[in-house]
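# Inside the fold
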Amino acid sequence: MQNDTLVRIPANAWEQLRDLYRQDWPRHEIAYNNVQNYIRWIERDPQISATLLVYSLNGNWRQTGTYIIIDHTDVFMYTLDSTGDTLKRMLLLLDWHHSYLMNMCLYRATVLEVYRLHRLEIAFDSADLIYHLPQQVAHRFRYDLPVGLSLQRIPPHYAAFIYNQWLNKSVGTEYFIERLLRWNVSMGLFCEGVREPLAWCIRTQNGALGLLGVVAQRKGYGSLVIKAIARRLAEQGYSTYASVRRTNVASRKLFEKLGFRAVGEASWLKNMKGTFDGCELRKAIKA
């Protein structure tokens, strides 16, 4: 560990990194989509590269494809290393004086082990299922809209409204929502004469559906926006993914009714800021 360093992967190598995950889909499709998302974003706004960190271990990303993306406080991580050793060594090197949200993390045990070594308290922990819908299924989606309702992309100025409706909001979240609305696919259900959307859904940084919300329950609005955004993504050549909390039985039934199938497990983990220094960590690992 003492010789390990986090080395940034330059933006001009991201396509090569992405293509390492062009295998064994749907297993590695999310990792592929994650890198592709940031390739698109940096093309639209090169200035985000100042705060967007894409790390490898010792610059050896070509060997295992292991990467950690830090997008402000959002963290995404993937690896082709079946042992998980490369990823663990990288996580140990992060600056844990910050609080990070691990998005749809496939490596729960590894992250929790790093939390233990750094003596980090858990601020948020959600066990989810990853649902997948092939694009050929989404292509066949049909729906009838009630009179006066329309489905359309959500303008960025609705970020504040969606933020205020979201249960898991935190400082800075409104900015992230506005950025997703500006650059990613979204779908909102609007009613003539009503300013705010009745339902909404946004494609997140790793390609999964997120921020699904409805104003009125039991009207089928959630199903409408999921069908619409899945068909839009299929038209663009993408399958559709969603991360659903295990205990959210209603949402799981909704996705399963639409043809989604669970293909894996993931966790959303957030740590409290740490006060542990490097010397203490080395002693803890040796112990």
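Naming follows an unreviewed UniProt entry, where the protein appears as N-acetyltransferase domain-containing protein of Anopheles coluzzii.

## Re the overall build of the protein
The secondary structure content of the protein amounts to eleven helices and twelve strands. Computed over C-alpha atoms, the radius of gyration of the protein comes to 20 Å, within 12% of the 19 Å expected from 2.2 N^0.38 for 287 residues, which places it in the range of a compact globule. Referenced to the eigenvectors of the C-alpha coordinate spread, the extents of the protein come out at roughly 65 × 35 × 35 Å. Taken across its 287 residues, the protein has 50% of its residues classed as buried.

## Concerning helix α5 (residues 108-118)
Listed in full, the buried residues belonging to α5 are Thr 110, Val 111, Val 114, Tyr 115, Leu 117 and His 118. Taken around the axis of α5, the buried residues stretch over an arc of 165°, which confines them to a single face. Every exposed residue of α5 that faces more than 90 degrees away from the buried side is listed here: Ala 109 and Arg 116. Immediately beyond the C-terminal end of α5, within one or two residues, lies Arg 119, with a positive phi of roughly 55°.

## Quick word on the environment of Arg 182
Along the chain, Arg 182 falls in helix α8 (residues 173-183). What makes Arg 182 partly exposed here is its relative accessible area of 33%. Note: C-alpha distance between Arg 182 and Ala 159 (23 residues apart in sequence) is 9.7 Å. Residue contacts for Arg 182: discarding those within four places in its chain leaves Arg 44, Arg 153 and Pro 156.

## A look at the domain arrangement of the protein
Where interface size is quoted, it is often the accessible area lost as the parts come together. Each assigned domain of the protein is listed here: domain 1 (6-127 + 269-275) and domain 2 (135-238). Placing a centre on the C-alpha atoms of domain 1 and another on those of domain 2 gives a separation of 26 Å. The partner domain 2 presents 16 residues to the 20 residues of domain 1 that form the contact. Interface area for domain 1 against domain 2, summed over the two sides, is near 1,400 Å², with a carbon-plus-sulfur share of 52%. On the domain 1 side of the contact with domain 2, Asn 33, Trp 41 and Arg 44 bury the most area, a combined 34% of that side's loss. Taken together, the links from domain 1 to domain 2 amount to one salt bridge. A salt bridge links Arg 179 to Asp 71; the nearest nitrogen and oxygen atoms lie 2.7 Å apart. Tallying contributions element by element places helix α2 (residues 29-44) first for the side of domain 1 that touches domain 2, with nine residues.

## Concerning the packing of aromatic side chains
On inspection of all chains with the given rule, the structure shows 13 aromatic pairs. Aromatic side chains Trp 96 and Tyr 115 sit 5.8 Å apart centroid to centroid with 85° between the ring planes, which places their arrangement in the edge-to-face category. Taken together, the residues span a long stretch of sequence, with Trp 96 in the loop between α4 (85-93) and β5 (101-105) and Tyr 115 in helix α5 at a distance of 19 residues. Looking at Arg 182, its charged tip hangs above the ring of Trp 183, at a distance of 4.7 Å from the centre. Its end group placed over the ring of Tyr 238, Arg 203 keeps NZ or CZ at 4.1 Å from the ring centre.

## Examining the packing of α4 against α5
Remark: α4 packs on α5, axes separated minimally by 10 Å, with the N-to-C direction vectors making an angle of 35°. Considering only the axes of α4 and α5, their crossing is right-handed. Residue-level contacts link Lys 88, Leu 91 and Leu 92 of α4 to Thr 110, Val 111, Glu 113, Val 114, Leu 117 and His 118 of α5.

## Observations regarding the side chain of Ser 239
Inspection of the secondary structure puts Ser 239 in the loop between α9 (221-235) and β11 (240-245). Sequence-distant contacts of Ser 239, that is, excluding residues within four places in its chain, are made with Glu 29, His 132, Leu 133, Pro 134 and Gln 135.

## Some remarks on the pattern of salt bridges
Considering all chains together, one arrives at eleven salt bridges under this definition. The partner of Asp 4 in a salt bridge is Arg 89, and the shortest N-O contact between them spans 2.8 Å. Note that Asp 4 is positioned in the segment before β1 (6-8) and Arg 89 in helix α4, a separation of 85 residues in sequence. Of the charged contacts, one joins Glu 178 and Arg 182 as a salt bridge, the two residues approaching to 2.8 Å between their closest N and O atoms.

Scoring rules and cut-offs
Residues numbered from 1 in each chain as written. Predicted model: local features only at pLDDT ≥ 70, side-chain atom pairs only at ≥ 80, totals over all residues. Heavy atoms only, no water. Helix = DSSP H or I, 4+ residues; strand = E, 2+ residues; numbered from the N terminus. Rg over C-alpha atoms; globule rule 2.2 N^0.38 Å. Buried < 20%, exposed > 50% of the residue type's maximum accessible area, 1.4 Å probe, protein only. Arc of directions from axis to C-beta. Contact = heavy atoms within 4.5 Å. Domains from an automatic or database assignment. Buried area = accessible area lost by both parts, 1.4 Å probe. Salt bridge = Lys/Arg side-chain N within 4 Å of Asp/Glu carboxyl O. Phe/Tyr/Trp six-rings, centres within 6.5 Å; stacked < 30°, edge-to-face > 60°. Lys NZ or Arg CZ within 6 Å of the ring centre and 35° of its normal. Axes fitted to C-alpha atoms, helices over the stretch in contact; angles between N-to-C directions. Left-handed = near helix turned anticlockwise from the far one by under 90°.

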